[in-house]
Amino acid sequence: MKFLQNIILAATVGSLFFLTACGNAPATDGEKDEAAGAHGHEEGDAQEVVLTSDQYNIAGIKIGKVETRPLTGTVKVNGVLDLPPQNLFSISAPVAGFLKKSDLLQGSRVRKGEVIAVLYNPEFIVEQREYLEARQELAAVRSQLEYAEAEYRRQEELARENVNAGKTLQAAKAEFNTLKAKIGGLEAKTGGQRARFKLLGINADRLSADNFQSEINLYSPANGYVTEVNVNVGKYVGNTEVLFEIADTEHMHAELTVFEKDIPKLKVGQTVRFTLANETKERHAKVFLFGREISADRSIRVHCHLDHEDTDLLPGMYLKAVVETGATPVHALPEAAIVCSEGKDYIFVEEAGGETRPETKDSEGETKMPVKHHFRMVEVKRGVTDGAFVEVGLPEDFDAANSLVVTDGAFYLLSAAKSGGEEDEH
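**Some details on the overall build of the protein**
Move 1: Looking only at helices and strands, the protein features 6 helices and 23 strands.
Move 2: Of all 426 residues assigned to the protein, the portion counted as buried reaches 38%.
Move 3: For the protein, the proportion of contacts with a sequence separation of at least 24, taken over those separated by at least 6, is 75%.
Move 4: When the accessible surface of the protein is summed, it comes to about 24,000 Å², and 51% of that surface belongs to carbon and sulfur atoms.

As structure tokens, this is what we get:
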């Protein structure tokens, strides 16, 4: 009867503790039902559990050693989708003018070379007229230069024969050089105007007194989506105002925020698995570049390239990611070997040897001498999980090569330790 009471009490305590356990896998029915008769007591910071052979067998205890296994580590981080600066475009007018036409709305899809706005300004005509006048003047001066050069060469020849006065030669030379300088200035002026017209989309070669252009078109510099529209039809805009902003989403990247303590674990080329908000689909990327400045919250930005581009993604989308830091040989045990008590992780190590003591005789009068199994509770640090195995940080004085660890049934022992203080059975 006393043995039955012990079973009920240990199982009840074990069940209550299981409800408050921290992140361990559920115990088997055998572990929860068979926590009876085991003895637990504290020795300093350690706890010891003693089982009889029958209890040991009923609990299904399995023993093994700490293994050295290459586990794939991970780092959990947050981040956002972003675009590199070369994929973000701010559209400004090359010259001031009135916005005559634009059909863009925020979110509109645009293609490279597409007309996105039309500007109007009467001053465009003034510039074109000045250009035509300068071009006509340049043609006239070139004609004058031909005559002046011929006169200058003739006076040089006469001077060599001592036919003309020296001041006549000097006057011809001055006229020739003046016209050359004037041509240089006019060529620079018309060249600058032609470059400006090219920027405005005006063909300078087609300009004439009957063919002036008072409107200019603004074109999209890339494929993408309009993210900002800052103007409306009829508004006068200067050449420093940003009219539209366009994002080319063909080369989206993941911008991760990695805290200082995790930075040494990351390397270029590592795989990143991430999911977007309100999505269950897992996407993949590769670590490409690390930021070189730690922010005030002790983190850096890590730039990752997506394995598969998706033009439907938008910059600024929030994501949760896991960075696979690679397989590293570490001390590892099965998940079932680690139990949690009061916020700490423990394993149970079987002590060497054991003890025997006389027991009451059975019905045939034979004395039973059951072996006692002693287990010591050892605190460990839980690390990365890879499949069914977990990395464990062991105490410095732990002999991993020669220690036998409970790999299955640890929850039963923890329940027994929590129900310690029961009297021995006789």
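The structure having been displayed, the exposition proceeds.
**Some thoughts on helix α4 (residues 123-160)**
For an α-helix the count is 3.6 residues per turn, leaving residues at separations of three or four pointing the same way.
Move 1: A rise of 1.5 Å per residue sets the reference length of α4, with its 38 residues, at 56 Å; its end C-alpha atoms lie 54 Å apart and thus fit the reference within 8%.
Move 2: Taken together, the buried positions of α4 are Phe124, Glu127, Gln128, Tyr131, Leu132, Ala134, Leu138, Val141, Leu145, Ala148, Tyr152 and Gln155.
Move 3: Looking one or two residues beyond α4, the residue adopting positive phi is Asn162, at roughly 55°.

**Quick word on the environment of Thr407**
Move 1: Positionally, Thr407 belongs in strand β23 (residues 404-408).
Move 2: Judged by relative accessible area, which is 18%, Thr407 ranks as buried.
Move 3: Residues Thr407 and Glu335 lie 72 residues apart in sequence; the distance between their C-alpha atoms is 8.2 Å.
Move 4: Once residues lying within four places of it in the same chain are set aside, the contact partners of Thr407 are Lys62, Ile63, Gly64, Pro334, Ala336 and Ala337.

**Notes on helix α6 (residues 410-418)**
Move 1: For α6, the tally of buried residues reaches 8 of 9 residues, placing the bulk of the element in the interior.
Move 2: Within α6, the full set of buried residues consists of Ala410, Phe411, Tyr412, Leu413, Leu414, Ser415, Ala416 and Ala417.

**Quick look at the sheet that holds strand β7 (residues 109-110)**
Move 1: With respect to topology, 4 strands assemble into an open sheet ordered β5-β12-β10-β7, the strand pairing being antiparallel. Two strands lie at the open edges of the sheet, namely β5 (88-92) and β7, each paired on one side alone.
Move 2: Judged from the 2 bridges that link them, β7 and strand β10 (residues 224-229) form a sheet pairing that is antiparallel. Its bridge partner being in β10, Val110 is matched across the sheet by Gly224.

**Some points on the sheet that holds strand β6 (residues 97-101)**
Move 1: Ordered by their spatial adjacency, 4 strands build an open sheet running β9-β8-β6-β11, and the pairing between neighbours is antiparallel. Because the sheet does not close on itself, it has two edges, and the strands there are β9 (215-219) and β11 (236-237).
Move 2: Pairing of strand β8 (residues 115-120) with β9 involves 5 bridges; the strand directions are antiparallel. Looking across to β9, one finds that Ala117 is bridged to Leu218.

**What about the confidence of the model for the protein?**
Move 1: When the pLDDT values of the protein are averaged, the result is 80; 83% of them are 70 or greater.
Move 2: Ignoring residues within four places in sequence, the model shows residues 23-45, a span with pLDDT below 50, making 57 contacts including any to other chains.

**Some words on the pattern of salt bridges**
Move 1: Counted according to the given criterion, the structure contains 21 salt bridges.
Move 2: A salt bridge links Arg298 to Glu260; the nearest nitrogen and oxygen atoms lie 3.1 Å apart. Of the two residues, Arg298 is situated in the loop between β15 (283-290) and β16 (299-306) and Glu260 in the loop between β13 (253-259) and β14 (271-276); the sequence distance between them amounts to 38 residues.
Move 3: In this structure Arg298 comes out as partly exposed when scored by relative accessible area, which is 43%.
Move 4: One salt bridge in this structure joins Lys418 and Glu342, with 3.7 Å as the shortest N-O distance. Within this pair, whereas Lys418 is found in helix α6, its partner Glu342 is found in the loop between β18 (339-341) and β19 (344-350), the two being separated by 76 residues in sequence.
Move 5: By relative accessible area, which is 30% here, Lys418 ends up partly exposed.
Move 6: Salt bridges linked by common partners bring Glu149, Arg153 and Glu156 together as one network.

**A few points about the environment of Glu228**
Move 1: Relative to the assigned elements, Glu228 resides in strand β10.
Move 2: Apart from residues no more than four positions distant in its own chain, Glu228 is found in contact with Leu243, Phe244 and Glu245.

**What to know about unusual backbone geometry**
Move 1: Notably, Asn278 is not glycine yet its phi reads approximately 65°, a positive angle.
Move 2: Phi at Arg298 is positive, roughly 65°, even though this residue is not glycine.

**Details of the nonpolar core**
Move 1: The biggest cluster of nonpolar side chains holds 25 residues, and the ones touching the most others in it are Ile116, Leu119, Ile216, Leu243 and Phe244.
Move 2: Mapped by element, the contributors of at least two residues to this core are β8, α4, α5 (166-200), β9 and β12 (242-247).
Move 3: In contact with Leu243, not counting residues within four places along its chain, are Ile91, Ser92, Ala93, Leu218, Glu228, Val229, Asn230, Val231 and Val237.
Move 4: Among the nonpolar cores identified, the runner-up in size contains 24 residues, and Cys304, Leu306, Leu319 and Ala321 belong to it.

Definitions and limits used
Residues numbered from 1 in each chain as written. Predicted model: local features only at pLDDT ≥ 70, side-chain atom pairs only at ≥ 80, totals over all residues. Heavy atoms only, no water. Helix = DSSP H or I, 4+ residues; strand = E, 2+ residues; numbered from the N terminus. Buried < 20%, exposed > 50% of the residue type's maximum accessible area, 1.4 Å probe, protein only. Contact = heavy atoms within 4.5 Å. Areas by Shrake-Rupley, 256 points an atom, 1.4 Å probe, with all protein chains shown as cover. Expected span 1.5 Å × (residues − 1). Pairing = 2+ DSSP bridges. pLDDT = per-residue confidence, 0-100. Salt bridge = Lys/Arg side-chain N within 4 Å of Asp/Glu carboxyl O. Core = buried A, V, L, I, M, F, W, Y, C linked by side-chain atoms within 4.5 Å.

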